[in-house]
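The primary structure of each chain is shown beneath.
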Amino acid sequence: MFYQTKDHHGLPHDPFKSCLVPRPIGWISTLNRDGVVNLAPYSFFNGVSTNPQMVMFSSGGPRTANPKDTITNCEETGEFVVNLATWELREQMNRTSATLPPGADEMALAGLEAEPSVLVKPPRVKASPIHLECLYHQTVDLPTPDPERRNGVVIGRVIGIHISDDVLTDGMVDLTKFKPIARLGYMDYTRVDLVFTIARPD
Ligand SMILES: Cc1cc2nc3c(=O)[nH]c(=O)nc-3n(C[C@H](O)[C@H](O)[C@H](O)COP(=O)(O)O)c2cc1C
């Protein structure tokens, strides 16, 4: 099949996200201006460069009335933490995607213990084995067909990385221990623990 994206795809569900898989889940903790913790998952998330190490996530949602807290907090406070979501944490991760009032501490509501970060103020999800402490760099506002909604790509610089010894084997991150989950299309996820290696040609 082929369809132009300006037209309807003709399928029961939009296949776009199913073509871009698996997407790592940035489970992002921030603080609002009053210091209240916010935690939410973002699967339009990835690394964008290694030198310096930068990450991005993309945030939809209303522009003015009740915008998403994560992008607001990043822009207002300049800091965020990416907690990597794992198989063991899948239910809690999902719970933190609920739309709650700006003052709600989603980490506490999901029964997750917070752990202080080293270089930034937002806390980490203690049970997550990998955390990236980030400084907000900029938001790229992408076009949106609805001027009332935002389509903001938030870019941050990673300034500190925590890796639990529990997910290391011989000094390397061991996917069979880490067991990150990743987003597929529809309501589907995958667990990343099948690894194969291919050497690059010289
Ligand atoms: C696995 C998963 C991935 C998500 N990815 C995104 C995303 O990439 N962009 C987005 O705007 N919302 C995404 N959402 C929805 C947000 O998590 C949800 O709107 C949440 O309430 C936002 O919280 P906040 O207002 O505290 O930032 C995702 C939800 C789930 C469960």
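Our subject is the structure that appears above.
This is a predicted model, so every value here is computed, not measured.

Criteria and cut-off values
- Residues numbered from 1 in each chain as written.
- Predicted model: local features only at pLDDT ≥ 70, side-chain atom pairs only at ≥ 80, totals over all residues.
- Helix = DSSP H or I, 4+ residues; strand = E, 2+ residues; numbered from the N terminus.
- Buried ≥ 20, exposed ≤ 12 C-beta atoms within 10 Å, placed from the backbone.
- Contact = placed C-beta atoms within 7 Å.
- Pairing = 2+ DSSP bridges.
- Core = buried A, V, L, I, M, F, W, Y, C linked by C-beta atoms within 7 Å.
- Near = placed C-beta within 6 Å.
- Nonpolar A, V, L, I, M, F, W, Y, C, P; charged D, E, K, R; others polar.

What should I look at first to understand the environment of Ser128 in this one?
For Ser128, the position within the fold is in the loop between strand 8 (124-125) and strand 9 (130-141). Among the residues examined, Ser128 registers 25 C-beta atoms within 10 Å and is labelled buried. Excluding residues within four positions of it along the chain, Ser128 makes contact with Trp27, Asn83, Leu84, Thr86 and Leu89.

How should I be thinking about the pairing of strand 4 (residues 45-50) in this particular structure?
One face of the sheet, then the other: side chains in a regular strand alternate in exactly this way. In this sheet, strand 5 (residues 53-59) lies alongside strand 4 in antiparallel orientation, the contact comprising five bridges. The residue bridging Phe45 from the neighbouring strand is Phe57, located in strand 5. Linkage of strand 4 to strand 5, two consecutive antiparallel strands, is achieved through a turn of two residues.

When you look at the sheet that holds strand 14 (residues 189-191) in this model, what are you seeing that I'm missing?
One key point about sheets: their strands pair by backbone hydrogen bonds, in either a parallel or an antiparallel sense. Taken in spatial order, the three strands of this open sheet run 1-13-14, and their pairing is antiparallel. Both edges of this open sheet fall to strand 1 (23-24) and strand 14, since each of them pairs with a single strand only. Inspection of the sheet shows strand 1 paired to strand 13 (residues 181-183) by two bridges, in the antiparallel sense. Residue pairing across strands places Arg23 opposite Arg183, the latter belonging to strand 13.

I tried to follow the nonpolar core on my own but got confused; where do I start?
Proteins that are soluble and globular tend to have nonpolar side chains buried together. By size, the foremost hydrophobic cluster in this structure holds 28 residues, and its most contacted members are Trp27, Ile28, Val81, Val82 and Ala85. Of all the secondary-structure elements, those providing two or more residues to this core are strand 2 (26-31), strand 3 (37-42), strand 5, helix 2 (69-77), strand 6 (79-84) and strand 9.

Which parts of the structure should I look at to understand unusual backbone geometry?
A negative phi holds for most residues other than glycine; trans holds for most peptide bonds. Here the amide bond leading from Val21 into Pro22 is cis, since omega sits at -10°, within 30 degrees of zero. Mapped onto the fold, Pro22 is located in the loop between helix 1 (16-19) and strand 1. Between Asn51 and the following residue, Pro52, the backbone shows a cis peptide bond with an omega angle of 5°. Not every positive phi belongs to a glycine, and Asp170 is a case in point at roughly 50°. Assignment of secondary structure puts Asp170 in the loop between strand 11 (168-169) and strand 12 (172-173). Within the chain, Lys179 stands out as a residue other than glycine whose phi angle is a positive 50°. Relative to the helices and strands, Lys179 resides in the loop between helix 5 (175-178) and strand 13.

Which parts of the structure should I look at to understand the site of the ligand?
As a structural note, the neighbourhood of the ligand is formed by 18 residues, with Ala40, Phe44, Asp69, Thr70 and Ser97 the closest of them. Contributions of two or more residues to the shell around the ligand are made by strand 3, strand 5 and helix 2. Classifying every residue of the shell around the ligand by side-chain character gives five nonpolar, 10 polar and three charged.

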